[in-house]
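Single-letter residue listing:
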Amino acid sequence: MLEVAKLDAFYGQSHILRGIDFQVAAGESVALLGRNGAGKSTFLKALLNGGPQARGRISFLGQHLTREQLHQRARLGMALVPEDRRIFPKLTVEENIEIGGRAAPTGATPHSINDVVAMLPMCGPLLKRLGFQLSGGQQQMVAIARGIVSRPRLLMLDEPAEGLAPVIVDELADAINRLRQTEGLSLIVTEQNIDFARETTDRLYLLDVGEVVFSGSWPEFDARPDLVDRYLAL
Amino acid sequence: MTGDLLTILFNAMTWSMATFLVASGLTIVFGILHVLNFSHGGFFMIGAYVAYTVLNYFGFEIPLYAYLGGALVAAVAMGVVGVGVDAVVFRRLQNVEGVYVLIATYALLLVCDGFVKLVWGLNYLSVSPPNGLLDAIFMGDAILPTFSLFVIGCGLVVFLLLEGVLNHTSVGRTLQAIAIDPWMARAVGIDVSAVYRATVVAGFALAGLAGGLLVANQSLSPELAHIYILQAFGVVIIGGMGSIRGAFVASIFLGFVEAVSATYLPNYPGVLFFATIALVLVIRPQGLLGKEATA
């Protein structure tokens, strides 16, 4: 459903991504691992046309993406849960989730708030709270709720486990796996946390300094312990 | 004495609401686009002249509906002008430094000045208040012109409408989201550029509306823009840049400062006004209702 071929991305003069080939099949969940600065967030933003200048082929649901702007790509069914969550601080949780429904394609109805709460029960008690009154874990759940309310086809989670307590990380993994099943979502999960990525994805790409240095299944990855040392260890 | 007090109170509120009417469009555009539109007063002034032209057909007997209609025509006319100014000027100011914004919008103000001088000339013009708003109410020693009551009412209505839209509608929530984080707003599917365009049009329409509503409040001259833009800037800065509620509170506050100053320091116009602005900014640089850190 997502096919990326020879993607290069730039911020001004800086050449961030080089020749990325990347695929996600319908219903599949794929991890993108790499250190800070490897280009994981830039990759997601390049898919969305949300900042970096991108060159290469991106096709989504059979459609070649060329000049579509960020909001138009969102409406095609690409939802991003950004690294810093970016919950709207002065809106309530309910309003934050509701506004995510703006990404629903024309003619499609977004999920109701009740549906979203049924999928992500942690959001239930928070609905009336303002965005800036949330803990990190709560922000993450609300950001995911805001991402899925429009019934996207592809959900992109940018380092979702970052900065969260281990208990919350487990809950998050459960929530993401439940969503995959109920919603039939495709997922891209960028992570530095290998365990979390393993729990929520089927296979992985490894990114280093803007290039894909490994792609394969988790068993294949485990058979190459040198990869962790070379590309993920701090 | 009570007459004095009532007069001060009344003059303060008239000044406040007249200034708020002008400041409302200014603060909305700043709040959403972060563009400080120095030319706002110019379009307010053209709005007033447009209303003058409309009302000229009625001579000295202007029915209230015509007066309101004139203001509406001015609002629509300035809204249309806003479409053009957005396309030619504002869209280029999104990602440039504040100083360029200042130069560009100041240049626009000069264009407005020149346009008014060309079309309506240098002479002072005036419009009389509409029928029914020509007399005054006497309370003790105080004389309260009914037209001033009308201006106060207009300010309150515009404030309540804007507050209602911004805080209790999905349009308002969209605007709040964009004001805080336009990138994320795009990522949830909002066409932020379209909202920016609509905001500029709304800001210009508010300038035109203010011009039309206040056209009988003072005589018309090409100086009008400069008088009001200084007042409106004072209100927007003191209120906290971009906040409608802040602009409202600040306009009342500065209205009282102005009225006290006019009564007790008539020989030093403006001194107390600017001294107060300076003092408030020393104590609260973010303005009365502004946030510590701007988004």
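Residues numbered from 1 in each chain as written. Chains lettered and ligands numbered in written order. Predicted model: local features only at pLDDT ≥ 70, side-chain atom pairs only at ≥ 80, totals over all residues.

Labelled according to an unreviewed UniProt entry, chain B appears under the name Branched-chain amino acid ABC transporter permease, originating from Tianweitania sediminis. Its UniProt record gives chain B a comment under Sequence similarities (unreviewed entry), which states: "Belongs to the binding-protein-dependent transport system permease family. LivHM subfamily." Under the UniProt heading Subcellular location (unreviewed entry), the entry covering chain B gives this text: "Cell membrane". (UniProt positions renumbered as here; feature names shortened; annotations may be inferred.)

If you check an unreviewed UniProt entry, chain A appears there as ABC transporter ATP-binding protein from Tianweitania sediminis. Reading the Sequence similarities (unreviewed entry) entry of the UniProt record for chain A gives the comment "Belongs to the ABC transporter superfamily."

Helix and strand content of chain A: nine helices and 10 strands. In terms of its C-alpha atoms, chain A occupies a principal-axis envelope of roughly 45 × 40 × 30 Å. Counting every position in chain A, which comprises 234 residues, the buried fraction comes to 50%. A sequence separation of at least 24 residues applies to 70% of the contacts in chain A between residues at least 6 apart. (Helix = DSSP H or I, 4+ residues; strand = E, 2+ residues; numbered from the N terminus. Buried ≥ 20, exposed ≤ 12 C-beta atoms within 10 Å, placed from the backbone. Contact = placed C-beta atoms within 7 Å.)

With 15 residues of chain B in contact, the opposing surface of chain A contributes 19 residues. Elements represented by at least two residues in the side of chain B that touches chain A include exactly helix H6 (170–180) and helix H7 (182–187) of chain B. In terms of residue class, the side of chain B that touches chain A is built from eight nonpolar, three polar and four charged. (Nonpolar A, V, L, I, M, F, W, Y, C, P; charged D, E, K, R; others polar.)

Residues and elements named next belong to chain A. The strand order S2-S1-S4-S5 describes an open sheet built from four strands, whose pairing is antiparallel. Edge positions in the open sheet fall to strand S2 (14–24) and strand S5 (63–65), since each of these has one partner strand only. Ignoring which end each strand starts from, the neighbouring axes of this sheet average 10 degrees apart. Judged from the seven bridges that link them, strand S1 (residues 2–11) and S2 form a sheet pairing that is antiparallel. Residue pairing for S2: Glu-3 is matched across the bridge by Gln-23. Relative to S2, helix H1 (residues 40–48) is tilted by about 75 degrees, and along the sheet it contacts S1, S2 and strand S4 (53–60). (Pairing = 2+ DSSP bridges. Axes fitted to C-alpha atoms, helices over the stretch in contact; angles between N-to-C directions.)

In this section: the UniProt feature "transmembrane region" (unreviewed entry) in chain B. Residue and element names in this part refer to chain B. Taking the UniProt record as the reference, the feature "transmembrane region" (unreviewed entry) is found at residues 12–36, 43–60, 66–90, 99–122, 142–162, 194–216, 228–257 and 264–283. Between the C-alpha atoms that bound residues 194–216 the distance is 35 Å, and the span itself is 87% helix and 0% strand. The distance separating the terminal C-alpha atoms of residues 228–257 is 16 Å; by composition the span is 87% helix and 0% strand.

Let's shift gears to the sheet that holds strand S3 (residues 29–33) of chain A. All names here are of chain A. Read from one edge to the other, the open sheet built from six strands follows the order S6-S7-S8-S3-S9-S10, with strand pairing classed as mixed. Each edge of the open sheet carries a strand with a single partner, namely strand S6 (78–81) and strand S10 (211–217). Looking at each pair of strands side by side, their axes are set apart by 15 degrees on average, direction ignored. Direction of pairing for S3 relative to strand S9 (residues 203–208): parallel, over a ladder of four bridges. Looking at S9, one finds that Leu-33 is bridged to Leu-206.

The general pattern is negative phi for most residues beyond glycine and trans for most peptide bonds. Although it is not a glycine, A:Val209 adopts a positive phi angle of roughly 40 degrees. Within the fold, A:Val209 resides in the loop between S9 and S10. Notably, B:His34 is not glycine yet its phi reads approximately 60 degrees, a positive angle. Along the polypeptide, B:His34 turns up in the loop between helix H1 (2–33) and helix H2 (40–56). We classify B:His34 as partly exposed; it has 17 C-beta atoms within 10 Å.

Next up on the list: the pairing of S9(A). Note: S9(A) against S10(A), six bridges, orientation antiparallel. Pairing of A:Leu207 across the sheet is with A:Val212, part of S10(A).

Turning our eyes to something else, we now look at the nonpolar core. One finds A:Val142, A:Ala145, A:Met156, B:Leu21, B:Ala48, B:Met78 and B:Val236 to be the most contacted residues of the largest nonpolar core, which totals 173 residues. Discounting residues that sit within four places of it in the chain, B:Val236 has contacts with B:Ala23, B:Leu26, B:Thr27, B:Phe30, B:Met241 and B:Ala247. (Core = buried A, V, L, I, M, F, W, Y, C linked by C-beta atoms within 7 Å.)

On to the environment of B:Val89, then. Residue and element names in this part refer to chain B. As for its placement among the helices and strands, Val-89 is situated in the loop between helix H3 (64–88) and helix H4 (98–120). Residue classification places Val-89 among the partly exposed residues on the basis of 19 C-beta atoms within 10 Å. When the C-alpha positions of Val-89 and Ser-16 are compared, they lie 30 Å apart, and in sequence the two are 73 residues distant. Residues in contact with Val-89, not counting those within four places in the same chain, are Ala-104 and Leu-108.

We now examine the environment of B:Gly189. By the secondary structure assignment, B:Gly189 is in the loop between H7 and helix H8 (192–213). B:Gly189 has contacts with A:His71, A:Ala74, A:Arg75, A:Arg102, A:Ala103 and A:Ser150, leaving out every residue within four places of it along the chain.

All names here are of chain A. One can describe the packing of helix H3 (residues 93–100) onto helix H5 (residues 136–148) by two numbers: an axis separation of 6 Å at closest approach and a directional angle of 35 degrees. Read as a crossing pair, H3 and H5 show a hand that is right-handed. Contacts between H3 and H5 involve Val-93, Asn-96, Ile-97 and Gly-100 from the first element and Val-142, Ala-145, Arg-146 and Gly-147 from the second. For the contact of H3 with H5, the class distribution of residues is four nonpolar, three polar and one charged. (Left-handed = near helix turned anticlockwise from the far one by under 90°.)

Take the environment of B:Arg245 next. Among the secondary structure elements, B:Arg245 is positioned in helix H10 (residues 244–264). Residue classification places B:Arg245 among the partly exposed residues on the basis of 17 C-beta atoms within 10 Å.

Turning next to the packing of helix H9 (residues 224–239) of chain B against helix H11 (residues 271–283) of chain B. Residues and elements named next belong to chain B. For the pair H9 and H11, the least separation of the axes is 10 Å and the interaxial angle reads 20 degrees. Relative to H11, the element H9 is oriented roughly parallel. Our pair here, H9 against H11, has a crossing hand that is left-handed. Where H9 abuts H11, its residues Gly-234, Ile-237 and Ile-238 lie against Phe-273, Ile-277 and Val-280. Classifying every residue of the contact of H9 with H11 gives five nonpolar, one polar and no charged. (Parallel < 35°, antiparallel > 145°, perpendicular 65-115°, else oblique.)

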